[in-house]
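# Descriptive structure summary
Chain by chain, the residues run as shown.
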Amino acid sequence: MTVWLSRLTGGCRALFARRAVERELDDELRAHFEMAVEQKMAARMSRAEARRAARLEMGNLEVVKDQVRDVGWESLVDAVGRDLRDAWRSVRRSPGVTTLAVLTLALGLGSATAVFTLAHGVLFTPLPYEDPDRLVQFELGIGPDRFGISPGQYVTIEHQSRRLSGVGAFYVQEMTLTSEERPERIRVGRMTASFLPVLGVTPSLGRYVAPEARRTGANGGGYLLGHRTWVRRFGADPGVLGRPLTLDGVVAPIVGVLPEGFFAPRDLLSPGDVEVWAPLVLNRADLNWGNHYLTAIGRLAPGADLARAQTESDLLLDRIGRARPAYFPDNVEVSLTVSPVLDRLTGEVRPALLMLIGAVSLVVLITTANVGGMLLSRGHGRRRELAVRAALGAGRWSVSRQLLTESVLLAGGATVLGTAVAALLLAILPRLAPADLPRLDGIGLDWWALSFIGVIGALTALVLGVVSAASALRSDLSPSLETGLQRGDIRRESLGREVLVTGQIALAVVLIVAAGLLLRSFGTMLQIDPGFDPSHLLTLRVAPPEGFAAGESSGTFRKRLVERFEELPGVTGVAAANAVPLADHPGDTVFDIEGRPSALESGARDSAQYQHATQRMVTPGYFDVLGVPILGGRGFRESDRAGAPGVVIINQQLAERFWHGRDPVGRRMRMHWTPHRNGRWLEIVGVAGNAKQLSLIDEFDTEMLHPVAQAGPNTGIGSMATIMVLIRTTADPTALVETVRHAAASLDPRVPVYDIRTMDQRVAASIAQPRLTLVLVGAFSLVSLGLAAIAIYGVVAHAVNQRTTELAIRIALGARTGSLLALVLGRAWRSGVVGLTAGLAAAVACARVFRAQFYGIDPTDPVAIGAVVVTVSAALLVAIYLPARRVSAVDPITALRVS
Amino acid sequence: MPVREKPSGVVQGTLDMLILKTLDLEPLHGYGIGLRLHQISRGVLDVNAGSLFPAFRRLERDGLITGEWRATENNRRAKYYSLTRRGRATLERETREWETQSAAIARVLRASRSEL
C-alpha cells in the first residue's frame, strides 16, 4: 500500500525535519494571508481594512496550524511525549504515593512472575526429546501399588504392540565408580539399545550404545557419560572417548557423551540424576516376569493416540495375564496404564503448583486493587488540577489519556522493579524446593518470564488507567473549580474505593484461609508419629568394597563396621539394614501364609487382602537403635544366623490385616515368587510397631523384617548390596559426621561412605513440598492482609479528613464521640464484614478444590477458619481504629476557622 | 486540545474531492484554490483556511497532490499544488461514485406517491 508508505515518510519528515516542515507551513500561510490582503485592496479597501478582513477570514493562525499538524499520525507521537512529561511531573509531585504504589505493584508482579515461571518450567516446558508429546510411559498397577514393568512384559509389548512405533526401557541402580581418588557410589542407568532412538536423542559426542551390545553382553557397548558428569569429572575433555571406566569392578570404555540437559524420564523407581549410562541386555532365553523394575517408554505410532494405545495395552495385559497367570494375583485389580511421559514426571507436584498459581494470582489482584484505591484517592485530591486543565481546553479524552499515561509510568516502574523481585525469588525458590521437584535446574529469568511480566505489567497499567480515568470522567469537571467538591462526587468516589477495599479483604481472606489450612495440615504432619524416634539418629550408607559383594565376607565386613562405629564416643547404639525408614524403599514381595490359600489364588477382589509386604533386612539391634517397639514375641538374636531355622518379624499393620487381633507369633509364612518356586517357610517370632516408609504422610505399609544374617544370594531374601547404618548418639549427630567417615576409612579406605543425613533431616525432607507451599502461601497471605489493612485504614482516614468540617459542626452542636465514630465507621464496617463473609465463602469453595493439599484436616476445619476470622478481624479493627481515633481529636474551633 | 471546526457549508468528505477537481483544471496555490471554489460555486462554497490547509496536508500525505514553490503572477512565492497520477485516478473514481449517489439521492427526494 503506497498510501501507507507516503504517510509514513511524510510523518517521519514532520518528526525529524520538524523545523523545515513548520517553516514551510508558516510561509504558506503568510503567502495566503498576503494574497488575501492584495485581493481585498484590489477591491478598494484600505491596507489596514484589508488586513483586518483577511485576519478575520483566516481565523486564529495557531489554531489552523494545530489542525494541520493533527492530520498526520506523528501528532500522536508528540502528544504521547507531552503526556509522558506531564505524567512524570505529576508522579513526582507525590513521591510518597508513587513509591508505595510502585513497590506494591512490583511485589505483586514480581512474585507472580516467579511463581508462574517456576510452574511453567516444571509443568509445561517440553521435555528434551524429539516430539516429546508422542512419548508414553507404562505403569503396572497391582491393587493399590504402582510399579514399573517386568522384562517379560516389556518384551511382550516390544513384540506385539502396533500402536507404538518403538519402545525402550531403563532402570537405575547404584554402582561403585573406582578412580584414582576415593571410590564413589554413583547412579548408573541401564538402558536397552532402543531407548535413545525411541526418545530421539543422539549423543553429543561419540555414539550411543550400539545394537551389537545385544550380542556382546552387558558392557560390550561401553559407557555413555551424562553431560554434567563429563564436565565435572572429565573437564569436558573431548578426548574422553575410549578411556576406560570402572564400575563395580567392570572395566569398559567410554563410548559417548549425552547432550546437555538430557535426563531420563523419571518415575518413583529412579529419581535423581544418572551419571553414567550402561547397556541393558535382557536375557531373552529366561525372562524375568515377576520383578517390575523397568521403566518402559514408548513412542506413539503415526495415527495412534493415547486412547488407542491404552486400549491396546489393556489387551496386551490380558494376553500377558493369560499366558502367565501365575504372576498376577486373582484377588486384586491389575492394570497396565499408558500415560504421557510429562504427566508421569510432573503429576505429583502439579496440584501444589496450581495452588500456588491461584494464590499468586490473588496477590496480583490485591496489589492492583490496592494501588487502584491509592490512585482513586489521589485523583480525588487532583480534581482541581484536572478542572483547571479542562477549563484551559483539555477534552475528556486528553484528560483520561494523561491519567492512563500516569498508570503506564507507575506500572512500567513496577515492571522493572518487579523483574528484580522475580529474579531474586527465582534464585531463592529452588533452594526451598524439595529435592524431588523435577526440572528445577533450567529455571530462571528467561524470555518467557520477561514476556510474562511485560504482559501482566501492561494489563495492570490498563486496568489502573481505566479505573482512574473512569472516576475522573464520571463527574463533570467544571464545577470543581467554582465550588470544590460536589456531595455526589464524594459519594460515588467513596463507593468505588469501598468496592475495591471489600474486594481486597475478600481476596486476602481466601489467601489467609489457605495459609491457615496449610499451617494446620503442616502442624498435623509434624504431629505424626513416624513409629520410631528420629532424634539423635545419624544415618549413612556404606558400599562394601569390591570382593566383599557376596557371601560370608560381606557379613564379616558389616560386623566389623558396626563394631567400629559402636566404639566411637557419644554413640549409644549401631544397627544396619538394607534400608531405613524415610530413606529408600527396601523392596517388597508377595507372600503365602501357611494353611491358607496361596497369595495369588482366587478370592475376593479386595486390595486389602492382597498378600503383599515391604521386605527389610536388619541386624538384631535395628529395633532398639531406631526405637521401634517389639509388641509381641521377641526381637532378632545373634543366634538367628544362616543355617538356623528361618525367622521373620512382621509389623503391626501386617498382623492386624491378616490375623485380625489373633496372635500371629508361631505361625509361618513364606515369600511367593512363582507358582513353582517359593521361599522356605519362616516362623513369625515377633510383631514390631509400625514405622513410616518413604514419607511421614504415607499410610503404614505391611512389612516383613528378616535377620540380615539369614539373607544372601541363595536364601531368596536377597543380599545387601549396600549397607544402611543407623547410629544413635547422645549429642547432636551432625557433630559425628567426620568421625564416622574416619572410622569407616580406617576399616577400609576404598569404602564409599555417602548419603549421610540425620533422621531429623530425612523427616524434614519428606515434607519439604508441603512446607514450600506453606511458606509461599503464608508469605502471600501476610502481604495481602497487610495491604487490605492499609487500604481500609486509608478509607477511614480519608472519611475523617473529608468530613472534618461536618464533624466539627456536629461537635459544636453537642454530638457525642460515639455517634461521630458510627458516622465515620459505617462504611468501613460494611467493607470489613462483607469482605470477610464473601472471602470465607470463596475460600471454602477453593479449599474443596485443593482438598488433596491439606493433610489430615477438613477444608472447613473450624480451628483454622476460626483463627482466620479472629486474625483478620483484629487486623482490620486496628486499621480502622487508628484513623478513627482522630475523630475525637477534632477541635471544632480550629476546624471551622480553617474552612 | 483544539476543537475541530466543521468545513463551512461543505459536506464533510467532499472538500477533498472539490480540491482535487480544482487542481484537475490547473495547478494552483492555496489561496487560489479557495478563490476558485468560491467563484465556480458562485459564492455558495466559502472554505476557510482552517479547513483548506488540513485538507492540503492530508491529500499531500496520501500522495494525491504534490506541492511545489513557484512565483505567482504578482511575483510572490507560493506553494502550487498539482494532481499526481494517483490523485487523478482517485478524483475520477470519486466523481463517478458521487454522481451515482447524488443521482440516487435526487431520485429519492423527488419521489412522489404515484411512483410507489
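Here the structure is a predicted model, which means the values were calculated and not measured.

## A look at the overall build of chain B
Each helix and strand in chain B was counted, giving 4 helices and 3 strands. Starting at the N terminus and walking to the C terminus, you meet the elements of chain B as α-β-α-α-β-β-α. Contacts spanning at least 24 positions in sequence make up 52% of the contacts within chain B whose residues lie at least 6 apart.

## Details of the confidence of the model for chain A
Residues and elements named next belong to chain A. Mean pLDDT over chain A: 83, with 89% of residues reaching 70 or higher. pLDDT under 50 marks residues 482-487. Its contacts with residues more than four places away, or in other chains, come to 5 contacts. Per-residue pLDDT stays below 50 along residues 548-552; that stretch engages in 7 contacts with residues further than four places along the chain or on separate chains.

## What to know about the domain arrangement of chain A
Split by domain assignment, chain A resolves into domain 1 (2-72), domain 2 (144-332), domain 3 (350-527 + 768-898) and domain 4 (544-751). For domain 1 of chain A versus domain 3 of chain A, the separation of C-alpha centres amounts to 53 Å.

## Quick notes on the interface of chain A and chain B
Between chain A and chain B, the contact holds 26 residues from the first and 22 residues from the second. At 7 residues, the largest contribution of residues to the side of chain A that touches chain B is made by helix α2 (residues 18-42) of chain A. Split into classes, the residues belonging to the side of chain A that touches chain B amount to 10 nonpolar, 10 polar and 6 charged.

## Some words on the environment of Pro203(A)
Residue and element names in this part refer to chain A. Positionally, Pro203 belongs in the loop between α8 (195-199) and β5 (205-206). On the basis of neighbour counts, which here come to 20 C-beta atoms within 10 Å, the residue Pro203 falls in the buried class. For Pro203 and Ser819, which are 616 residues apart along the polypeptide, the C-alpha to C-alpha distance reads 81 Å.

## What about helix α26 (residues 817-849) of chain A?
For α26(A), built from 33 residues, the straight-helix expectation of 48 Å at 1.5 Å per residue is met to within 8% by its first-to-last C-alpha distance of 47 Å. What α26(A) keeps buried is the set Leu820(A), Val824(A), Ala828(A), Ser831(A), Gly832(A), Gly835(A), Leu836(A), Gly839(A), Leu840(A), Ala843(A) and Ala847(A).

## With respect to the packing of helix α4 (residues 61-69) of chain A against helix α3 (residues 49-61) of chain B
Remark: α4(A) packs on α3(B), axes separated minimally by 8 Å, with the N-to-C direction vectors making an angle of 25 degrees. In this view, α4(A) runs roughly parallel relative to α3(B), as classed from their interaxial angle. Considering only the axes of α4(A) and α3(B), their crossing is right-handed. The residues of α3(B) that touch α4(A), namely those facing Val63(A), Val64(A), Gln67(A) and Val68(A), are Ala49(B), Gly50(B), Phe53(B), Pro54(B) and Arg57(B).

## Focus on the sheet that holds strand β1 (residues 28-29) of chain B
Residues and elements named next belong to chain B. Strand order across the open sheet formed by 3 strands is β1-β3-β2, with antiparallel pairing between neighbours. Of all strands in the sheet, those with a lone pairing partner are β1 and β2 (65-71), marking the two edges. Strand direction decides the pairing type here: β2 and strand β3 (residues 77-83), joined by 7 bridges, are antiparallel. In the sheet register, Glu68 faces β3, and the bridge partner there is Tyr80.

## Quick look at the nonpolar core
Residues and elements named next belong to chain A. Among the nonpolar cores identified, the biggest contains 98 residues, and Ala359, Val509, Leu511, Val513, Ala514, Ile792 and Val796 are the most heavily contacted of them. With 16 residues, the top contributor of residues to this core is helix α18 (residues 487-527). Once residues within four sequence positions are removed from consideration, Val796 is found in contact with Val824, Leu825, Ala828, Ile880, Pro883 and Ala884. Counting residues in each nonpolar core, the second largest holds 61 residues, with Phe565, Met704, Met724 and Val740 among its members.

Reading guide: rules and limits
- Residues numbered from 1 in each chain as written.
- Chains lettered and ligands numbered in written order.
- Predicted model: local features only at pLDDT ≥ 70, side-chain atom pairs only at ≥ 80, totals over all residues.
- Helix = DSSP H or I, 4+ residues; strand = E, 2+ residues; numbered from the N terminus.
- Contact = placed C-beta atoms within 7 Å.
- pLDDT = per-residue confidence, 0-100.
- Domains from an automatic or database assignment.
- Nonpolar A, V, L, I, M, F, W, Y, C, P; charged D, E, K, R; others polar.
- Buried ≥ 20, exposed ≤ 12 C-beta atoms within 10 Å, placed from the backbone.
- Expected span 1.5 Å × (residues − 1).
- Axes fitted to C-alpha atoms, helices over the stretch in contact; angles between N-to-C directions.
- Parallel < 35°, antiparallel > 145°, perpendicular 65-115°, else oblique.
- Left-handed = near helix turned anticlockwise from the far one by under 90°.
- Pairing = 2+ DSSP bridges.
- Core = buried A, V, L, I, M, F, W, Y, C linked by C-beta atoms within 7 Å.

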